[in-house]
Amino acid sequence: MSEQDAILDALAPVAGGIAATLGSFCEVVVHDFRRPEKSVVAIAGSVTDRSVGGSMSEIGMGLLARGDDAEDELNYVTRTASGKLVKSSTMLLRDSGGSVFGALCVNLDVTALGQLRTLVGELADVGTAAAETPTTTFGDNVDAVVDAIVDDHQLRLNKPWAALSREERLDLFRSLHARGVFAVRRAVPLVAARIGISRASAYNYLAEIRDQGAS
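What comes next is a walk through the structure. (Residues numbered from 1 in each chain as written. Predicted model: local features only at pLDDT ≥ 70, side-chain atom pairs only at ≥ 80, totals over all residues. Heavy atoms only, no water.)

Section: the side chain of aspartate 32
One can find aspartate 32 in strand E1 (residues 26–32). Judged by its relative accessible area of 5%, aspartate 32 is buried. Within the structure, aspartate 32 has its side chain in polar contact with the side chain of arginine 34 (distance 2.9 Å). Other than its neighbours up to four places away in sequence, aspartate 32 contacts Leu8, Ser39, Val41, Phe101 and Gly102. (Helix = DSSP H or I, 4+ residues; strand = E, 2+ residues; numbered from the N terminus. Buried < 20%, exposed > 50% of the residue type's maximum accessible area, 1.4 Å probe, protein only. Polar contact = N/O pair within 3.5 Å; in protein donor to acceptor, adjacent residues only side chain to side chain. Contact = heavy atoms within 4.5 Å.)

Below, the structure written as structure tokens:
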């Protein structure tokens, strides 16, 4: 067993202990970044409705894209597609050589707390309208995560894929590359199908932005 595998195995019972301590609103996930399509190797609790063998989220893909330069993401808030408000911390796993190979994630369902805060704010008339919280796709199928990232880019462009210029398509591929999408083995054909271009064109765009030094 490699050092990395041993660390992942040792964290499985730790995940269970943390979830049991914090209660039913807590989920703890152990990720193996070496296989992003099936990165969930252990999970305790059920906040994001994932299971062992599930894929990483957009946040995980972004960390994967930054490689060994990535840093822990602590106390960030997202919203699931089903409407849950989730407060999370993602702590990176490194081997003795300093290489990032996985993460331990703690997700807390704080939906009820958010509703209570809104209610208290309204009663006290102190205007506690929360800033818009980004929606994050969690799931066992990595295809849905890739589709959500691509669709988020389209929402920001506010135009149909067919209307994109060549430079706008290159910008799309730069963005997806920076967010770790292309670490998923079948991401290129998924993206090509989503935006209505050929696989050959998609591979050409990816090769071009990599040649330009995209990170």
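A closer look at helix H7 (residues 199–211)
Look at H7: 18 Å from first C-alpha to last across 13 residues, which is about the 18 Å you get at 1.5 Å a residue. Regarding H7, the residues found buried are Ala202, Tyr205, Leu206 and Ile209. In an axial view of H7, the angular spread of the buried residues amounts to 95°, which keeps them on one side of the axis. Those residues of H7 that are exposed and aimed more than 90 degrees away from the buried face are Ala200, Asn204 and Asp211. Those residues of H7 that are buried lie in contact with helix H5 (166–178) and helix H6 (187–195). One or two positions beyond H7, positive phi appears at glycine 213, with a value near 90°. (Expected span 1.5 Å × (residues − 1). Arc of directions from axis to C-beta.)

Side note on the pattern of salt bridges
Evaluation of the coordinates by the stated rule reveals 10 salt bridges. Across the pair aspartate 147 and arginine 194 runs a salt bridge whose closest N-O atoms are separated by 3.5 Å. Note that aspartate 147 is positioned in helix H4 (residues 142–157) and arginine 194 in helix H6, a separation of 47 residues in sequence. For aspartate 147, a relative accessible area of 19% puts it in the buried group. Judged by relative accessible area, arginine 194 falls into the partly exposed class, the value being 35%. Because the salt bridges share partners, they merge into one network encompassing Asp5, Asp32, Arg34 and Arg35. (Salt bridge = Lys/Arg side-chain N within 4 Å of Asp/Glu carboxyl O.)

Just distances and angles here, no functional claims.
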